[in-house]
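This is what each chain is made of:
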Amino acid sequence: RMGEIVEIDTIQKSFDFFSEAKRNNDSIQKSQHLTGEIDLNYIESMITSQVIAAIRSPFSPSKIKMWAAKKDGKYVGTIIFQDSSGNNQNQSRMLYETVWIMWGKDTGKLSLKLLKTAERYAKDNSIPFISMSRMTSTESGKRLGKIYERMGYHQDTATHIKKL
């Protein structure tokens, strides 16, 4: 069995996800290369504050969408997007990927299933664009670029990082 995708759409589900993710923190840290370690506390506080803002104001200009991958009953990754609806009247609505992390073994197909879930959400909600990012300085980032191209994505912008 490949695994399942679940939407993290309540504060309780978010708490459960991050509690389990922190227990797997060692394998998450090993997936980082250029910019250092993932700070799960920061990601959790960012998501929690955005969820609370969305609850307080359902008309907030920016919304968060989060799905998690489960394999054998355990979380093995997540993909998180910011929905740009309402941010700029002259700009098309877009989902911006903010976090995409996987941990554990043999999660490649499940990782792509997360992305396909986000694409389906976008289509179902008349969102015409999805923005994905990747690290170009790593072998896994280069492979991901080829996967994006096969899936119909094209590179639009580049980000340059300098260590200070």
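Residues numbered from 1 in each chain as written. Predicted model: local features only at pLDDT ≥ 70, side-chain atom pairs only at ≥ 80, totals over all residues. Heavy atoms only, no water.

Structurally, Tyr96 can be placed in strand 4 (residues 94-102). Residue Tyr96 is classed as partly exposed on the basis of its relative accessible area of 27%. Note: C-alpha distance between Tyr96 and Met132 (36 residues apart in sequence) is 6.5 Å. (Helix = DSSP H or I, 4+ residues; strand = E, 2+ residues; numbered from the N terminus. Buried < 20%, exposed > 50% of the residue type's maximum accessible area, 1.4 Å probe, protein only.)

What follows concerns the side chain of Asp83. Along the chain, the position of Asp83 falls in strand 3 (residues 74-83). Look at Asp83 and you get buried, because its relative accessible area is 1%. Within the structure, the side chain of Asp83 is placed 2.7 Å from the side chain of Arg93, a separation counted as a polar contact. (Polar contact = N/O pair within 3.5 Å; in protein donor to acceptor, adjacent residues only side chain to side chain.)

Along the chain, the position of Ser111 falls in helix 4 (residues 108-124). For Ser111, the residues in contact, after removing those within four places along its chain, are Trp100 and Met102. (Contact = heavy atoms within 4.5 Å.)

Helix length check: helix 5 (residues 139-150), at 12 residues, gives a terminal C-alpha distance of 17 Å against a target of 16 Å (1.5 Å per residue), a fit within 8%. When we look at burial in helix 5, the residues that qualify are Gly141, Leu144, Gly145 and Tyr148. Each buried residue of helix 5 lies within a common arc of 110° when the element is viewed along its axis, so the set occupies one face. Seen from the open side of helix 5, the exposed residues pointing more than 90 degrees away from its buried face are Glu139, Arg143, Lys146 and Arg150. Buried positions along helix 5 lie against strand 4 and helix 4. Gly152 sits one or two residues past helix 5 and shows a positive phi near 100°. (Expected span 1.5 Å × (residues − 1). Arc of directions from axis to C-beta.)

Counting across every chain of the model gives four salt bridges. In this structure, Arg93 engages Asp83 in a salt bridge whose closest nitrogen and oxygen atoms are separated by 2.7 Å. Note that Arg93 is positioned in the loop between strand 3 and strand 4 and Asp83 in strand 3, a separation of 10 residues in sequence. Judged by relative accessible area, Arg93 falls into the partly exposed class, the value being 27%. (Salt bridge = Lys/Arg side-chain N within 4 Å of Asp/Glu carboxyl O.)

Limitation: the analysis is restricted to geometry and does not speak to function.
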